[in-house]
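Descriptive structure summary
Take a look at the letters that make up each chain.
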Amino acid sequence: MTVTQQDLSASRPPPRRTDSIRFYTPGIPWYRDIRILRILAQILFLVLAIGAFYVVVNSLLGNLEESNLSLDFGVYRRPFNVAISEGISVTTEWTWIDNIDLLTGVVLVIWGLLLASTVYLAYRQYRTPDGVRIWTIIVLGVLILGIFIYTPDRAAQDLSETLNAYLFSSSMTRAFITGIYNTLRVVALTLVACTLLGVFVGVGLLSGNLLVRSVAQVFVEIFRNTPLVVQLFFIYRTLTLLLPAPRQSIFSPSEIGPLELPNSFYIFNARGFYFAEPIPKDTATIVYISVLLALFVGWFIRRRRLSFQERTGKPANTWRIVLPTMIGIIAIGWLLAGVPFSVEYPALQGLNIQGGTQLTIGFMALFLGLTFYTAAFIAEIVRAGIQAVPYGQIEAARAQGLSRSQVLNLVVLPQALRLIIPPLGNQYVNMGKNSSLGLIVNYVDTYRIAQIANNESGQAVPFFIGLMALYLTLSLTLSAMTNFINRATQIKAR
Amino acid sequence: MTERSRKTQEVYVAPAEPIAPRRPPITEVGVIHWMRENLFSSWTDTIITLITGVLIGYLLWSALSWALLQAQWEIVFLNLRPLGVGNAFPSSEVWRVEVSAFILIFLALMSVAVWGMIRSSIVSTLAIIAVAMIIIPPLTEPVPEPAIFVYTDADYENRQMNFLAEAGQDVGFTIDPLTSVDEFQLDTISGYIENNNQQANTSFDAYSQASTEITFQQTRDPEQYDLSLSVQVWNADGAVIYESPFTEGTRENTDYMWTAPATGWYTLTIVRDDETSTTGAAWLKVDNVEVFRSTVPAQRARDEQFGPQPDHDCRNCGTSTNRTDMRFEGKRTIPQWFSLQLTPFILEVRQFFFYGLIVGAAGYILGKLLLRTNFSTSDFVQNTERQALNFGLVFFIAYIALQIATLVYPQPVWDEIRLFILIAFGISIVVYALAQFLKPGTAGASRGVVLLWLLSIPVIMTIITGFPVDANTTETLPLPEVRSQNFGGVLLTIVLAATAIGASFPIGVMLALGRQSSLPVVSLLCTIFIEVVRGVPLITLLFMGRLILPFFGFGLGDVDLLVRIAVMMTFFTAAYMAEVVRGGLQTIPKGQLEASYALGLNDFWTTTLIVLPQALRAVIPAIMGQAVSLFKDTSLVFIVGLFEILGTMNQILGDSQTGYTAFPREGYLYIGAVYFVISYIMADVSRRLERTGSGAIRRDTI
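Residues numbered from 1 in each chain as written. Chains lettered and ligands numbered in written order. Predicted model: local features only at pLDDT ≥ 70, side-chain atom pairs only at ≥ 80, totals over all residues. Heavy atoms only, no water.

**Details of the overall build of chain A**
Scanning chain A from terminus to terminus reveals 15 helices and twelve strands. In chain A, buried positions account for 40% of the 494 residues. Long-range pairs, those at least 24 residues apart, make up 76% of the contacts in chain A with a sequence separation of at least 6. Split by element, the accessible area of chain A, about 28,200 Å² in all, is 65% carbon and sulfur. (Helix = DSSP H or I, 4+ residues; strand = E, 2+ residues; numbered from the N terminus. Buried < 20%, exposed > 50% of the residue type's maximum accessible area, 1.4 Å probe, protein only. Contact = heavy atoms within 4.5 Å. Areas by Shrake-Rupley, 256 points an atom, 1.4 Å probe, with all protein chains shown as cover.)

Here it is, written out as structure tokens:
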């Protein structure tokens, strides 16, 4: 006799709601009723918290007024009279940016609401549907992009050719946007570099080769156990001490064997590193289109090859077909476009290097310091993640006849990744926060701008609030990004 | 076929004697096997080994040759005191910090003795360092400091130089006409750098000066030389007490000898006869004059002994050259490294090191002895313990009551009574701790050690900060007050780290419990606090502590900057600590809670007696990791103007007077090494705790 699902549910009585809300239980006085006590305790706590908050803020406002300071965000509209040596400024055509004192307030309120909702969602991490979280992240990202969309200011660049500095006599808001751009630039570059270096060193920690293993170990121990500040100071002061003055700059070699090259592919000196910069011409659009086309064709062929493999069981050999095709399409596009890029070489003019892409010493020092420091932590995470994969898995994979790279790619890494990603996200958040240390290597990031703005205007509080909002947004975005990746890589429980 | 072959098959019989075991192939034993396995296991491995080996060799070689032959470690070993306690710490009170350090070393080694064994590798390392410290200084020969050269020529103004001489000291002067390019002179002075008081940095480099002068010489005809020079020595009042005859254009070296009549400052002046001197250049070489160290304490001591340097109004004189410091900056040899850098360093730290060694050994031995004493059945011990605890409680309550009474109704006489009660309380706690030691086994001893650590906090605080001096009375107290704004260097680092770790722990536990609470409001507020503090960089909070906290009112503006910064660091660490503790809370199996409720414990006692002890024990390694992280983060406080060890080093590097601006690498390497050693030790302790499993819940025993 078989019992179907139908039978079972039919035989069971329907569940009855027994826990209907009742505020009164017979026999228990209200002051002994745990449900009422809980509500009372929370009300008391809330009243206490709000009261303390009110008293503190009231006292703060009173004291600020006494010392002629205020919480007025209009201070963002004041002129910012300090030259910023690097970064990008918003086009001068957008004059509304100089008048956003009210808007700044609105933006901060929206940031606050988003922040509160994100914190609340993080608090309800295990109960929230994915859609809401992703939606929040998207709104956050679009909002930030919408506010801080910039276009390079050609006028400022012209000015820079004489001063090698972007001189701002415009509003604090513009300076902040430049600072935010600089922060995001160093964070984005470091994110990529520290992950690559960290994984490399982490695999090195597990190498069978004693020398490689000990080098990786020493790297990790040194960079993990010394403060980042000391590392930054050391790198920055060493670079400025050892690199020559602009007049004695180090140029790239002018000939390699029989090849004669322009001797300014790169130029190093104590002010910065300068690289030749490709400037796109009008025909460069053809190259961009061909790259997109190549990507699409590559994706299509890969799909076809994989389904071929599934159908026939023969090896797909994806890359042997996809790579030449993609290279071919891009090459044809390039040939069609003629010479799509002209190269701007840096050159010594007077006391300075002009032209090309410039990376200041401050940026290099911050980038290197952050990369090494974070990579050391990531390496340990990667090592722990790989070691947590049971050795039986590897043995089983070898017994199946998988090659060494297949064992790593198909068996070890997918399992290790699930353990690696959550702590990796913490490291990214830490790195984003650590980027505020740019001020000690004279890198003009947001924190430095806030400091200068505070010195210029004497109004600490609005800038402090702006700074907090920015870094909170950065941290939460980074952690949300990791959570998203984390969810995508976890095993789907059935 | 097969039948036949089977018949003709030979039969092998095992030999009577056992076959002698063959030696394994040479590639499978010893060093060769180890190298094959670890370095050359495959051909790719071999290539990697070779490339890495060459790279490491090159890096090590260049790093070592820089560290031994070029680096200037004077910036470290001549500044150990500022780096230890800060520039502003009164130098007469430094002994108090040293005593506190010895107390800490004593307690640390006592704890090691009670809770574990000291590793033989550490003992042998310390022994090697101790032996090296005894042996090396007498073996190194001092590098003779070179004679001082002062350059002059027909176009220069007259040159002047201050120097110190003791009574009866012979000082030799040699006027050396620069009539030919003399490589010898370059060699003699090359590598020594003259640090001039007037000139800001190392630009007045004797070597570069000499090389410019000598290049300059090459452009002029060395045959033409007619300088007529004379050497004058002035005393501190500006009177000429010695004057040599003019050289009248002689092309030979002219030597003079002068004996100082009394101890004190003298001024050397080169006087040129302007009427007869038209062309040429000359060095004045001064022998047997002391070269001064330019550290601030050394200058202060010198000024106290001999008075300030004379500053004469000399007609027709150039900038007066005050000789303060000579540093060897050129290429060194290894023996020169020993005598110029290592020996002075050893002499600076030797006394402290050996005292520390003795104190530490005493603590270790005492700890081991106490561990082995067995007064288990002694009623006396148990009675003493109980009585000490009772008295301690009474004194404590009395102290609190008096404190409240002082607030309500102040009376001057109560201050003395309070001090008396405090001392009595301290004595009863010490007695209680000693009674703990006398109990059997590890448990008693470790409780005693914990008590001693707790007791050491107020003792050390009192020793270092002292008692506030009443402005009305003129009597000198044994421990005059040292304000916290005078703290600096390692002292400040440790004060900040210890305060923040200690204070953040209870706050972190509260926050974690709040976040885990079933009351949504409490949980939400705690979560917001934790996430906001964790989401912003520490320097933002420090910025707030320095600039915004004073505006909050409640007298926060009058609070020391150190305290405000410590509070902000405490909040920051508490948020991280809360997350660590929350991790521990989540490891507690639900059965533990159910069992506890079944026994009739309420929420409070379940948390206190069942959940927290297990949760905290499980996260001891993570808490240690947080402590390491906070310890490293203390290096950020220099941004808000506190001079901990990194801030002090920045002060030293930025101070153009001392002329260390060119040595940031040495300075920051030293700071990095200090942080590395302490963090590594902490991380190592945490790793050992993790490995021995004293922290984790033992599932198999539950």
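**Details of the confidence of the model for chain B**
Residue and element names in this part refer to chain B. In this model, chain B carries a mean pLDDT of 78, and residues with pLDDT of at least 70 account for 79%. In the predicted structure, residues 183-208 sits below a pLDDT of 50 and forms 69 contacts with residues beyond four places in sequence or in another chain. Across residues 694-702 the pLDDT falls below 50, and counting only partners more than four positions away or on other chains, this stretch makes 16 contacts in the model. Scoring of the predicted complex yields 0.78 for pTM and 0.78 for ipTM. (pLDDT = per-residue confidence, 0-100.)

**Here we look at the sheet that holds strand β12 (residues 357-360) of chain A**
Residues and elements named next belong to chain A. Pairing within the open sheet is antiparallel, and its four strands lie in the order β3-β6-β7-β12. If you trace the sheet from one side to the other, it starts and ends with β3 (250-251) and β12, each paired once. In terms of strand pairing, strand β7 (residues 272-275) meets β12 through four bridges, oriented antiparallel. Across the sheet, residue F273 finds its bridge partner in β12, namely L359. (Pairing = 2+ DSSP bridges.)

**Some details on the nonpolar core**
With 155 residues, the main nonpolar core has I440 of chain A together with L542, I565, M569 and I639 of chain B as its most contacted residues. The contacts of I639 of chain B, once residues within four sequence positions are left out, are L437, L439, I440 and Y447 of chain A together with I539 of chain B. Membership of the second largest hydrophobic core comes to 21 residues, among which are M161, F163, V171 and W258 of chain B. (Core = buried A, V, L, I, M, F, W, Y, C linked by side-chain atoms within 4.5 Å.)

**Some words on helix α9 (residues 284-312) of chain A**
Residues and elements named next belong to chain A. Along its 29 residues, α9 runs 42 Å from first to last C-alpha, staying within 8% of the 42 Å computed at 1.5 Å per residue. Within the sequence span of α9, burial applies to A284, V287, S290, A294, G298 and I301. Buried residues belonging to α9 abut β8 (277-280), α10 (318-337) and β9 (341-344). In the segment just after α9, G313 is the residue with positive phi, at about 80°. (Expected span 1.5 Å × (residues − 1).)

**Quick look at the pattern of salt bridges**
Considering all chains together, one arrives at eight salt bridges over all chains under this definition. A salt bridge links R383 of chain A to E380 of chain A; the shortest N-O distance between them is 3.0 Å. Within this pair, R383 of chain A and its partner E380 of chain A are both found in helix α11 (residues 361-387), separated by three residues, close to a single helical turn. Exposure remark for E380 of chain A: the relative accessible area of 16% places this residue in the buried category. Its salt-bridge partner being R582 of chain B, residue E579 of chain B comes within 3.2 Å of it at the nearest N-O pair. Of the two residues, E579 of chain B and R582 of chain B are both situated in helix α18 (residues 561-586); the distance of three residues between them amounts to about one turn of the helix. (Salt bridge = Lys/Arg side-chain N within 4 Å of Asp/Glu carboxyl O.)

**Some points on the interface of chain A and chain B**
Contacts between the two partners involve 56 residues from chain A and, on the opposite side, 59 residues from chain B. Summed over both sides, the interface between chain A and chain B buries roughly 5,200 Å², with carbon and sulfur atoms accounting for 74% of that surface. Counting every contact that joins chain A to chain B gives zero salt bridges. Applying the counting criterion to the chain A and chain B interface returns 13 residue pairs in polar contact (both at pLDDT 80 or more). In terms of residue count, helix α2 (residues 34-66) of chain A provides more of the side of chain A that touches chain B than any other element does, twelve residues in total. A class-by-class count of the residues in the side of chain A that touches chain B yields 37 nonpolar, 13 polar and six charged. (Buried area = accessible area lost by both parts, 1.4 Å probe. Polar contact = N/O pair within 3.5 Å; in protein donor to acceptor, adjacent residues only side chain to side chain. Nonpolar A, V, L, I, M, F, W, Y, C, P; charged D, E, K, R; others polar.)

**A look at the environment of E348 of chain B**
Residues and elements named next belong to chain B. Along the chain, the position of E348 falls in helix α11 (residues 334-372). Since its relative accessible area comes to 44%, E348 is described here as partly exposed. It is 20 Å that separates the C-alpha atoms of E348 and Y668, two residues lying 320 residues apart in sequence. Not counting residues up to four positions away in its chain, the partners in contact with E348 are F77 and L80.

**Overview of the packing of aromatic side chains**
The final tally for this structure, using the stated rule, is 32 aromatic pairs over all chains. Summarising the aromatic geometry, the rings of F176 of chain A and F463 of chain A are spaced 5.8 Å apart at their centres and angled 15° between planes, so their arrangement reads as stacked. With F176 of chain A in helix α6 (residues 172-205) and F463 of chain A in helix α15 (residues 460-489), this residue pair connects regions lying 287 residues apart in the sequence. F463 of chain A shares its class with F176 of chain A; the two are buried. Centre to centre, the rings of F676 of chain B and Y680 of chain B are 5.5 Å apart; their planes meet at 20°, and the pair counts as stacked. Of this pair, F676 of chain B and Y680 of chain B both sit in helix α23 (residues 664-692), four residues apart, which is roughly one turn of the helix. Judged by relative accessible area, which is 31%, Y680 of chain B ranks as partly exposed. An aromatic cluster is present here, built from F219, F223 and F372 of chain A joined pairwise through their rings. Cation over ring: R534 of chain B sits above Y576 of chain B, and NZ or CZ is 5.3 Å from the ring centre. Seen from the ring of Y680 of chain B, R687 of chain B lies directly overhead, with NZ or CZ sitting 5.7 Å from the centre. (Phe/Tyr/Trp six-rings, centres within 6.5 Å; stacked < 30°, edge-to-face > 60°. Lys NZ or Arg CZ within 6 Å of the ring centre and 35° of its normal.)

**Details of α11 of chain A**
The end-to-end C-alpha distance of α11 of chain A is 38 Å, a good match for the 39 Å that 27 residues give at a rise of 1.5 Å each. Where burial is concerned, most of α11 of chain A is hidden: 22 out of the 27 residues are buried.

**Remarks on the environment of M544 of chain B**
Summarising the element assignment, M544 of chain B is placed in helix α17 (residues 538-548). With relative accessibility at 16%, the residue M544 of chain B sits in the buried group. The spacing of M544 of chain B and I565 of chain B is 21 residues in sequence and 9.0 Å in space, taken between C-alpha atoms. Residue contacts for M544 of chain B: discarding those within four places in its chain leaves F464 of chain A together with L549, F552 and M568 of chain B.

**A few points about the environment of V192 of chain A**
With respect to the helices and strands, V192 of chain A occurs in helix α6. A C-alpha to C-alpha distance of 20 Å links V192 of chain A and T473 of chain A, two positions 281 residues apart in sequence.

**Concerning the packing of helix α7 (residues 210-224) of chain A against α11 of chain A**
Residue and element names in this part refer to chain A. Where α7 contacts α11, the two axes come as close as 8 Å, and the packing angle between them is 120°. With respect to α11, the element α7 is oriented oblique. Viewed along their axes, α7 and α11 form a crossing whose handedness is left-handed. Contact residues: α7 offers F219, V220, F223 and R224, while α11 offers F372, Y373, A376, F377, A379 and E380. The residue inventory of the contact of α7 with α11, partitioned by class, reads eight nonpolar, no polar and two charged. (Axes fitted to C-alpha atoms, helices over the stretch in contact; angles between N-to-C directions. Parallel < 35°, antiparallel > 145°, perpendicular 65-115°, else oblique. Left-handed = near helix turned anticlockwise from the far one by under 90°.)

**Re the side chain of T174 of chain B**
All names here are of chain B. In this fold, T174 is placed in strand β3 (residues 170-177). Overall, T174 belongs to the buried group, its relative accessible area being 11%. Only 3.0 Å separates the side chain of T174 from the side chain of D255, close enough to count as a polar contact. T174 has contacts with N253, T254, D255, W283, L284 and K285, leaving out every residue within four places of it along the chain.

**Overview of unusual backbone geometry**
Negative phi is the rule for most residues except glycine; trans is the rule for most peptide bonds. The backbone phi angle of N442 of chain A is positive, close to 60°, even though this residue is not glycine. Looking at where N442 of chain A falls in the secondary structure, it is placed in the loop between α13 (404-434) and α14 (446-457).

**What about the packing of α6 of chain A against α15 of chain A?**
All names here are of chain A. At a minimum axis separation of 12 Å, α6 and α15 run at an interaxial angle of 30°. Taken together, α6 and α15 sit at an angle that is classed as roughly parallel. When the axes of α6 and α15 are compared, the crossing they make is right-handed. Here M172, F176, I180, T183, L184, V187 and L191 of α6 come into contact with α15, specifically with F463, L470, Y471, L474, L478 and M481. Tallied by class, residues from the contact of α6 with α15 come to twelve nonpolar, one polar and no charged.

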